[in-house]
Amino acid sequence: MAETTKIQMFGADWCSDCRRSKALLDRVGADYEYIDIEKVDGGPERAQEISGRMNIPVLLFPDGSHQVEPSDKDLQAKLDELAAI
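A few points on the structure. This structure is a prediction, so every number in the text was calculated from the model and none was measured.

Calculation criteria
Residues numbered from 1 in each chain as written. Predicted model: local features only at pLDDT ≥ 70, side-chain atom pairs only at ≥ 80, totals over all residues. Heavy atoms only, no water. Helix = DSSP H or I, 4+ residues; strand = E, 2+ residues; numbered from the N terminus. Rg over C-alpha atoms; globule rule 2.2 N^0.38 Å. Buried < 20%, exposed > 50% of the residue type's maximum accessible area, 1.4 Å probe, protein only. Contact = heavy atoms within 4.5 Å. Areas by Shrake-Rupley, 256 points an atom, 1.4 Å probe, with all protein chains shown as cover. Lys, Arg positive; Asp, Glu negative; His and termini not counted. Charge placed at Lys NZ, Arg CZ, Asp CG, Glu CD. Phe/Tyr/Trp six-rings, centres within 6.5 Å; stacked < 30°, edge-to-face > 60°. Lys NZ or Arg CZ within 6 Å of the ring centre and 35° of its normal. Pairing = 2+ DSSP bridges. Axes fitted to C-alpha atoms, helices over the stretch in contact; angles between N-to-C directions. Core = buried A, V, L, I, M, F, W, Y, C linked by side-chain atoms within 4.5 Å.

1. Quick word on the overall build of the chain
For step 1, the next point in the chain: Helix and strand counts for the chain come out as three helices and four strands.
For step 2, the next point in the chain: N-terminal to C-terminal, the α/β element order of the chain is β-α-β-α-β-β-α.
For step 3, the next point in the chain: Compactness check: the chain gives a C-alpha radius of gyration of 12 Å against a globular reference of 12 Å for 85 residues, within 12% of the reference.
For step 4, the next point in the chain: On the principal axes, the C-alpha backbone points of the chain span a range of 35 × 25 × 20 Å.
For step 5, the next point in the chain: Out of the 85 residues in the chain, the part that is buried amounts to 39%.
For step 6, the next point in the chain: Within the chain, contacts between residues at least 6 apart in sequence are counted, and of these 57% link residues at least 24 apart.
For step 7, the next point in the chain: With the model as given, the accessible surface of the chain reaches about 5,000 Å², and the carbon-plus-sulfur share is 49%.
For step 8, the next point in the chain: The centroid of the 10 positive side-chain charges in the chain is displaced by 4 Å from the centroid of its 17 negative side-chain charges.

2. Quick notes on the packing of aromatic side chains
Remark: the centre distance and the inter-plane angle together describe each pair of aromatic rings, the angle taken between the planes.
For step 1, the next point in the chain: Under the defined criterion, the tally for this structure stands at zero aromatic pairs.
For step 2, the next point in the chain: Over the ring of Phe61 we find Lys78; its NZ or CZ atom is 5.6 Å from the centre of that ring.

3. Thoughts on the environment of Ile56
For step 1, the next point in the chain: Its place among the elements puts Ile56 in the loop between helix H2 (43–51) and strand E3 (58–60).
For step 2, the next point in the chain: Taking the C-alpha atoms as reference points, Ile56 and Val68, separated by twelve residues in sequence, lie 6.2 Å from one another.
For step 3, the next point in the chain: When residues no more than four places from it in sequence are discounted, the contact partners of Ile56 are Phe10, Gly11, Ala12, Trp14, Cys15, Asp17, Cys18, Ile37 and Glu69.

4. Side note on the sheet that holds strand E4 (residues 66–68)
For step 1, the next point in the chain: The four strands are arranged E2-E1-E3-E4 in an open sheet whose pairing can be described as mixed. Two strands bound the open sheet, and with one partner strand each, they are strand E2 (32–36) and E4. Averaged over all pairs of adjacent strands, the angle between strand axes in this sheet comes to 15 degrees, irrespective of strand direction.
For step 2, the next point in the chain: Both strand E1 (residues 7–11) and E3 contribute to a ladder of three bridges, which runs antiparallel. Bridge assignment links Phe10 to a residue of E3, and that residue is Val58.
For step 3, the next point in the chain: Seen against the sheet, helix H1 (residues 16–28) touches E1, E2 and E3 and runs at an angle of roughly 155 degrees to E1.

5. Describing the nonpolar core
For step 1, the next point in the chain: If you look at the biggest cluster of nonpolar residues, it comprises 22 residues, and the most contacted ones within it are Ile7, Phe10, Leu25, Leu59 and Leu75.
For step 2, the next point in the chain: Listing elements by their share of this core, those giving two or more residues are E1, H1, E2, H2, E3 and helix H3 (72–83).
For step 3, the next point in the chain: Filtering out sequence-adjacent residues up to four positions away, Leu75 remains in contact with Ser21, Leu24, Leu25, Leu59, Phe61, Gln67 and Pro70.

Set out below in structure tokens:
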């Protein structure tokens, strides 16, 4: 699996959890790449490869960890952890 220097978020516009996580990333000014799985070839397969699940959003972090459908609290905790590194 390729390493990333910024957060990658795999999602879709129709997904309310995706919109919520994206709003949090925008609100805190996170450096991330949004990958719309409906518009990017191989997007759904890549998200499933990372998470082993069909659920979105999938967030891949620079430290190699990932979250699937995170709550705002869990996502914020991970962002705080990454900022402390």
